[in-house]
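Chains, contacts and geometry: an overview
What follows is each chain in one-letter form.
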Amino acid sequence: MLTIDEGRDDALSELTLLYTSSKSWDDLVALYVELGNCTQIYELLDVKASDCESDEERMSLYARMATVAEDNLNDADMAIAALEKILAVDPKHETTARRLLAYYSDRGEHAKAISMHEILLSLTENDEDRLATYIEIARLYEEELAELENAATYLAKAILIASDRQDLREHFEALVEATQLYQLLYDVYVELLGRDNVDDS
């Protein structure tokens, strides 16, 4: 005679097969969450994602994994792992890059945060957004990673957008002095002078 647990396991197996066969992923997740089997559904989605034929479906399962990790398991490591799987499929996935940026920033993983900023930079042509991001990357390199040459490089990019920002120029020049990147200083101001000559002509 079947025990209650054995009967429940059989029913769960049958429903799992039904939902996976029909790709009713939300129903499958809801079932496992209701039963308190959150780790199991996270792992099951990971297995099923590897069998997906399309990148879109694979990423959708990874996104569900991240949601389960955040909402039901309260496990940042598992959420990050799932989100990183999405970026492995689509390195330019903006929403995922923003979510990972928040995680990396909160955890003090500054190099990884910079890599997410770089993704977001590649996806925007808005000068205000680019300027703010260049300044933030420069700050991270200078204050958090003590990589002054990289900080100067990103401030140079910021100045080429906002050449009227005296505060940026002074900060940039101080970094150049500290790093002796005089060629970078030369290149930036030659570029700006060239623009001024074009405007005057």
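Scroll up to find the structure.
For clarity, every value in this text was computed on a predicted model and none was experimentally measured. (Residues numbered from 1 in each chain as written. Predicted model: local features only at pLDDT ≥ 70, side-chain atom pairs only at ≥ 80, totals over all residues. Heavy atoms only, no water.)

Structural notes on unusual backbone geometry
Rule in force here: For the exposure calls, accessible area comes from a 1.4 Å probe over protein chains only, and a residue counts as buried if that area is under 20% of its type's maximum, exposed if over 50%, partly exposed in between. Helix and strand assignments follow DSSP, with helices taken as H or I runs no shorter than four residues and strands as E runs no shorter than two, numbered in order from the N terminus.
One non-glycine residue, Asn74, adopts positive backbone phi at about 50°. For Asn74, a relative accessible area of 71% corresponds to the exposed category. Phi is positive for Gln180, close to 60°, though the residue is something other than glycine. Topologically, Gln180 is positioned in the loop between helix H10 (166-179) and helix H11 (182-200). A relative accessible area of 59% means that Gln180 is categorised as exposed.

Some words on the nonpolar core
The condition that has to hold: The nonpolar core is taken to be a set of buried Ala, Val, Leu, Ile, Met, Phe, Trp, Tyr and Cys residues, with the residues joined through side-chain atoms within 4.5 Å. Here, residues are in contact when the closest pair of their heavy atoms is within 4.5 Å.
Membership of the largest hydrophobic core comes to 36 residues, with the highest contact counts inside it found for Tyr32, Ile41, Leu45, Leu100 and Met116. Beyond its immediate stretch of four places on either side in the chain, Tyr32 contacts Leu12, Thr16, Asn37, Cys38, Gln40, Ile41 and Leu44. Core analysis: the second largest hydrophobic core is formed by 24 residues, Leu131, Leu168, Val176 and Leu184 among them.

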